[in-house]
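# Structure at a glance
Below are the chains, spelled out letter by letter.
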Amino acid sequence: MYFTDKELHTISGTVISECNHPDHAFDADKQIKTCSIDIRVSNIFWIPKRQRNSFDLGRRNIFEVSPRRMWKKIVLSNNESITLKPGQMILGRTYEKISIPKENVGKLTTRSSFARLGLWTAGNCDLVNPGYSGHVPLELMNTSPNKIVIHPYLPLSQLFIMRLDGELGNSYDSELLNSKYVDDDGGPSVWWRDELVQKISRHITSNALAKPVLERLQKEVHQLDDRCLFRLDRFVDSKTFSNSDDLLSQFARSERARFSLYKLRRKFFLWAFPAALASLVLPELLQPLSKTISLLKDYDASLYFRIVITIILAFPAAYYFFSKKVRFFLDENDRQQDAD
């Protein structure tokens, strides 16, 4: 049975909390409707990174090492917005922190006015469990042919509260259930923590990473970038390993070869571009400007060739000069050599 507006007013202080922005406090008189509570979208979003990787739901190890590596977190200010393209899905979260009493269950859906525009806010998951507490994730999806611009604190969703018919054995926050989203921040999925997924994963032995391997990766993962983690993901897919040490040594060997090639390319372009630029500029500085102009008019092939080569070398040189340092999974000896 759904709670009425009078009942929602009574429990709203328990259900809704942590509206921390002073300009966007919870207003029960405006947000509580006939039998629902208008819920606002937060200013925090996660956008999927464009990568050529798939979600293999039978594997969990690489995701466990860096669970949010496929998402980019964005925090908007009051005057900023985010655009949802047709067919695109991004993750948001509720601005209000929602806590469901253990004798109730919640249902979060899109408000009709926004659903009629083709906007989904709860995807295909609208249940909020008894005992849940956190910022409920919003799977924002645009099913219309038009772009939809979303601003923080818009009341896109509505929360219904219902009574349970019987007595509850274990609420969502019970330690016996080992629930995945206790005190949820509304971020990306941690599906691999599900006990049934773990059971399936143990049977996929060819792609399993032993605990010592995971422990070492978890210690060092903060030093790695997303590209290295994606390489590790593909490496585990493409190879077979006799044991944990074999996996780490083979991957480190692969990274060593990639690292050597990276250093070679970087040195080449960072030296080749200045050399090409010097070969183009210095000869012209040593002769009158009028002669240089006449060479351009008379189509001096060597001059034009040097110009083209300099322009071509400028792009990779700029990339290697301005880009962040690329990180590789190296063993201790390689790290020492790199430091030296």
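So, how was this worked out
- Residues numbered from 1 in each chain as written.
- Predicted model: local features only at pLDDT ≥ 70, side-chain atom pairs only at ≥ 80, totals over all residues.
- Heavy atoms only, no water.
- Core = buried A, V, L, I, M, F, W, Y, C linked by side-chain atoms within 4.5 Å.
- Buried < 20%, exposed > 50% of the residue type's maximum accessible area, 1.4 Å probe, protein only.
- Helix = DSSP H or I, 4+ residues; strand = E, 2+ residues; numbered from the N terminus.
- Contact = heavy atoms within 4.5 Å.
- Pairing = 2+ DSSP bridges.
- Patch = residues over 30% accessible without salt bridge, like charges linked within 9 Å, V, L, I, M, F, W, Y side chains within 5 Å.
- Areas by Shrake-Rupley, 256 points an atom, 1.4 Å probe, with all protein chains shown as cover.
- Salt bridge = Lys/Arg side-chain N within 4 Å of Asp/Glu carboxyl O.
- pLDDT = per-residue confidence, 0-100.
- Polar contact = N/O pair within 3.5 Å; in protein donor to acceptor, adjacent residues only side chain to side chain.
- Phe/Tyr/Trp six-rings, centres within 6.5 Å; stacked < 30°, edge-to-face > 60°.

## Section: the nonpolar core
Core analysis: the largest hydrophobic core is formed by 34 residues, its most contacted members being Phe45, Ile98, Leu140, Ile150, Leu159 and Ile161. Every element with two or more residues in this core is listed here: α1 (5-15), β2 (37-39), β5 (82-84), β12 (137-142), β13 (148-150) and β14 (157-163). The greatest single-element share of this core, amounting to three residues, is contributed by α1. For leucine 159, the residues in contact, after removing those within four places along its chain, are Val15, Cys35, Ser36, Ile37, Ile39, Ile98, Gly106, Lys107, Leu108 and Val128. In this structure, Phe269, Ala276, Leu313 and Tyr320 belong to the second largest nonpolar core, which totals eight residues.

## Quick notes on the sheet that holds strand β11 (residues 133-134)
Reading across the sheet, the three strands line up as β1-β7-β11 and stay open at both edges, with antiparallel pairing between neighbours. The sheet is open, and its two edges are formed by β1 (16-17) and β11, each paired on a single side. Bridge count between β1 and strand β7 (residues 97-99): two bridges; the pairing is antiparallel. Residue pairing in the sheet places serine 17 in a bridge with lysine 97 of β7.

## A few points about a nonpolar patch on the surface
On the surface, a nonpolar cluster with roughly 370 Å² of combined accessible area is contributed by Phe305, Val308, Ile309 and Ile312. Relative to the helices and strands, phenylalanine 305 is located in helix α10 (residues 301-322).

## Quick word on the confidence of the model for the chain
Averaged over all residues, the pLDDT of the chain equals 79, while 68% of them reach at least 70. Note that pLDDT drops below 50 for residues 203-207; the model gives that stretch five contacts with residues more than four away or on any other chain. Note on residues 335-340: pLDDT under 50 across the span, and five contacts to partners over four residues away in sequence or across chains.

## Focus on the side chain of glutamine 31
Position of glutamine 31 relative to the elements: it lies in helix α2 (residues 28-31). Residue classification places glutamine 31 among the buried positions, given a relative accessible area of 8%. In terms of polar contacts, glutamine 31 uses its side chain to reach the side chain of glutamate 96, at 3.1 Å. Discounting chain neighbours no more than four positions away, the residues touching glutamine 31 are Ala25, Phe26, Ser36, Ile37, Asp38, Arg40 and Glu96.

## Topic: the packing of aromatic side chains
The tally for this structure, following the rule as stated, stands at eight aromatic pairs. Ring centres of tyrosine 95 and tyrosine 153 lie 5.0 Å apart, and the angle between their planes is 85 degrees; this geometry places the pair in the edge-to-face category. With a gap of 58 residues between them, tyrosine 95 in the loop between β6 (89-93) and β7 and tyrosine 153 in the loop between β13 and β14 connect regions that are remote in the sequence. Under the relative-accessibility criterion, tyrosine 95 is labelled buried at 7%. An aromatic cluster is defined as three or more aromatic residues linked by ring pairs; in this entry it consists of Tyr262, Phe268, Phe269, Tyr319 and Tyr320.

## Quick word on the environment of lysine 72
As for its position among the elements, lysine 72 is in strand β4 (residues 71-75). Considering only alpha carbons, one finds lysine 72 and proline 48, 24 residues apart in sequence, at a separation of 6.3 Å. Sequence-distant contacts of lysine 72, defined by excluding residues within four places in its chain, comprise Phe45, Trp46, Ile47 and Lys49.

## Structural notes on the pattern of salt bridges
Taken as a whole and judged by the stated rule, the model has eight salt bridges. With a closest N to O distance of 2.2 Å, arginine 163 and glutamate 7 form a salt bridge. Of the two residues, arginine 163 is situated in strand β14 and glutamate 7 in helix α1; the sequence distance between them amounts to 156 residues. Using a relative accessible area of 24% as the deciding quantity, one classes glutamate 7 as partly exposed. Glutamate 18 is paired through a salt bridge with lysine 97; the nearest N and O atoms lie 3.4 Å apart. Remark: lysine 97 occurs in strand β7 and glutamate 18 occurs in the loop between β1 and α2; sequence separation between them is 79 residues. A single salt-bridge network, built from bridges that share partners, covers Glu18, Lys97 and Asp183.

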